[in-house]
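Examination of the molecular architecture
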Amino acid sequence: MLTRVLPVFVVVAAITGLWYLACIPMNAHQSVTDLERAGEVVVPGGAAERRDMAGVSLVLQNPAAVQAAFGQERPRLPAPHQVGAEIWETTANKRITSKRSLVYHGWITLSATLLGFAIGTVAGIALAVGIVHVRAMDMSVMPWAIASQTIPILAIAPMIIVVLNSVGVQGLVPKAMISAYLSFFPVVVGMVKGLRSPDRMQLDLLTTYSATRAQTLWKLRLPASMPYLFTSLKIGIAASLVGAIVGELPTGAAGGLGARLLAGSYYGQTIQIWAALFWAAILAATLVGLIGLIQRVTLNRMGMAA
Amino acid sequence: MNAALRWSIPDWVGLSLVALGALSDWRLGLVLAVWLGLWRLNTVIAASGSTAARYAVPAIFGLTLLILWEMVVQLYDVPLVILPAPTAIAARIADSLPILWQDFVQTFVKGALSGFAIGCSAAFLTAIAVDRSSFLQRGLLPVGNFIAALPIIGTAPILVMWFGFDWQSKAAVVVVMVFFPMLVNTVQGLKETTAMQRDLMRTYAASYWQTLFKLRLPAAMPFIFNGLKICSTLALIGAIVAEFFGSPIVGMGFRISTSVGQLALDMVWAEITVAAIAGSLFYGGIALIERWVTFWHPSHQK
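Residues numbered from 1 in each chain as written. Chains lettered and ligands numbered in written order. Predicted model: local features only at pLDDT ≥ 70, side-chain atom pairs only at ≥ 80, totals over all residues. Heavy atoms only, no water.

1. Points about the overall build of chain B
Along its length, chain B carries 13 helices and zero strands. Reading the secondary structure of chain B in the N-to-C direction produces α-α-α-α-α-α-α-α-α-α-α-α-α. Scaling as 2.2 N^0.38, a compact globule of 302 residues should have a C-alpha radius of gyration of about 19 Å, whereas chain B reaches 25 Å, well beyond that. Principal-axis analysis of the C-alpha atoms places the extent of chain B at approximately 80 × 55 × 30 Å. Across chain B, contacts joining residues at least 24 apart in sequence account for 71% of those joining residues at least 6 apart. When the accessible surface of chain B is split by element, carbon and sulfur atoms take 71% of a total near 15,200 Å². Positive and negative side-chain charges of chain B, numbering 18 and 14 respectively, have mean locations separated by a distance of 15 Å. (Helix = DSSP H or I, 4+ residues; strand = E, 2+ residues; numbered from the N terminus. Rg over C-alpha atoms; globule rule 2.2 N^0.38 Å. Contact = heavy atoms within 4.5 Å. Areas by Shrake-Rupley, 256 points an atom, 1.4 Å probe, with all protein chains shown as cover. Lys, Arg positive; Asp, Glu negative; His and termini not counted. Charge placed at Lys NZ, Arg CZ, Asp CG, Glu CD.)

2. Focus: the packing of aromatic side chains
All names here are of chain B. Enumeration over the complete set of coordinates arrives at 16 aromatic pairs over all chains. Look at F179 and F180: their rings are 5.1 Å apart centre to centre, the planes differ by 85 degrees, and that puts the pair in the edge-to-face class. The pair F179 / F180 is uniform in exposure class, with both members buried. Centroid distance Y208 to W209: 5.0 Å. Interplanar angle 80 degrees. Geometry classified as edge-to-face. Through pairs of rings, three or more aromatic residues link up here, namely W101, F104, F108, F116 and F282. Between the NZ or CZ atom of R132 and the centre of the ring of Y208, over which it lies, the distance is 3.8 Å. (Phe/Tyr/Trp six-rings, centres within 6.5 Å; stacked < 30°, edge-to-face > 60°. Buried < 20%, exposed > 50% of the residue type's maximum accessible area, 1.4 Å probe, protein only. Lys NZ or Arg CZ within 6 Å of the ring centre and 35° of its normal.)

3. A short note on a nonpolar patch on the surface
Judged by side-chain polarity, A:L2, A:V5, A:L6, A:F9, A:V10, B:F135 and B:L136 come together as a nonpolar surface patch covering roughly 630 Å² of accessible area. In this structure, B:F135 sits in helix α7 (residues 134–148). (Patch = residues over 30% accessible without salt bridge, like charges linked within 9 Å, V, L, I, M, F, W, Y side chains within 5 Å. Salt bridge = Lys/Arg side-chain N within 4 Å of Asp/Glu carboxyl O.)

4. Things to note about the interface of chain B and chain A
Taken together, the contacts link 49 residues of chain B with 50 residues of chain A. Summing both partners gives a buried area of about 4,100 Å² for chain B against chain A, and 85% of it is carried by carbon and sulfur. For the interface between chain B and chain A, the tally reads zero salt bridges. At the junction of chain B with chain A, the criterion picks out three residue pairs in polar contact (both at pLDDT 80 or more). A breakdown of the residues in the side of chain B that touches chain A according to their chemical character gives 37 nonpolar, 10 polar and two charged. (Buried area = accessible area lost by both parts, 1.4 Å probe. Polar contact = N/O pair within 3.5 Å; in protein donor to acceptor, adjacent residues only side chain to side chain. Nonpolar A, V, L, I, M, F, W, Y, C, P; charged D, E, K, R; others polar.)

5. Section: the domain arrangement of chain A
Residues and elements named next belong to chain A. The domain architecture assigned to chain A consists of domain 1 (2–77) and domain 2 (102–302). The centre of domain 1, based on its C-alpha atoms, is set 41 Å off from the matching centre of domain 2. Opposite the seven residues of domain 1 that make contact, domain 2 presents seven residues. Taken together, the two surfaces of domain 1 and domain 2 that pack against each other cover about 490 Å², and 55% of this comes from carbon and sulfur. Looking only at domain 1, the three residues that lose the most surface to domain 2 are W19, R74 and P75, adding up to 68% of its buried area. The tally of links between domain 1 and domain 2 comes to zero salt bridges. The tally of links from domain 1 across to domain 2 stands at one residue pair in polar contact (both at pLDDT 80 or more). (Domains from an automatic or database assignment.)

See the structure below:
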């Protein structure tokens, strides 16, 4: 246990340490300006002289800037504890119906993610079953399904939102469609692989039982595809979340983690951006972890655990 | 051949669908008939099982979709602001080649490619650097895997704030996006050799660097190329989406977001077409190099 946890802990601690260190030069201009306003003597007086200086040399000439780097209201790079405080403030100390609560925004994003993920998964499995059974479908669709993964689908997400808005579809559904689209192809590709994973011997056995194709599907192909399904589900749900967040960018005011990101970037509220970002990260980690848990329980009960 | 041409039960279902469609609305009937006809053609070609069919079937399928798209738009008079016809998109591409080329250079060459090169080489060098310490590896792999699953695209507004509106900030977003997938793949690839192979290198009295260059790096190549392929898609996405948070008045993401605002959807689709072609070529190029470098890998041998 210790050999697994300790290295991770050290790496995370190192990243946090680097982050704190980076705050000092990143925020140096603002901290020196704050010091000057507070009446202290700073080395190059006047903001105009300091504009083109590197943050590091500015800190070296004004050691007091180190302390001032960690408590600014709109820092270029907020310190970890500021982000943590903002997350706590907007998660635990606000009513969850409040527009300033990240739980509220997180739920908007999560509901679109889950709806889209469900649609994409069901459609993906259905298409995969078709591809495995109909030869023409396999040859027609598979090359396009694989090629479509090299296309930056995410880039057209804002367009889908705006177009659907103009025909009167609003709110949850357009975002869910983007999420569905993004989770669809990983599921198709993974499931086709999974449904084809039974080998010749096993298929022959079912033929000797004179099993129908439907029976083969239910009793052999679907159970055999489960490990593949869960692997693609993990990829799919992460993609769904990204899709929902990007889908929230163009509609701005409607709410959601993506809207928080955009609003933060418009008003220079860096701490708010970082807090929304971490919330999205926690959400993604929880969703992927949850699927991993279901995977372990299911595969254990099926006797397929690795 | 005769067996393939005989009408079967699904065909009767399809034919009655066409008839039903034609009864309610002749346009629906026409669309369904074209779909059924071309699908039937595909079924017959697929059943022949020749090598030519492997290319013909997907091509016909793609063409079918384009024809149906064009038919639906023309027959139902779908307005341009909802869905432009493929011919309208093609006309737009032909009209605005200079603009598309400028956007392509700004977003793909300057933003995505430079970020891809910097991010992937940084990740590669980091992987080599942590290679000698199994402690660091055990720490970095889970953290890297975790970060690679996060919605990193969200850092785009922060990086645009730091590096300004021009292509440098887009390259920075791409660097952050590709770094961890590439790192994880390279570290995993460097572990790929068996104890037997490493022992052989030791009996040759090979140094660490000789083992690295002659055995472990070549063995890691399939993983490295897998990482590069994943990153090629991420790079283009990162560069385009980062432009939604602020950009100069050129670039694919900028053009997409402003054209959506003007409801000039043919321009949006033209950009998407360019992005799709660029993305596929980028991916295909890496796949070609992979085939050339890892010719020994079982997956490339017939």
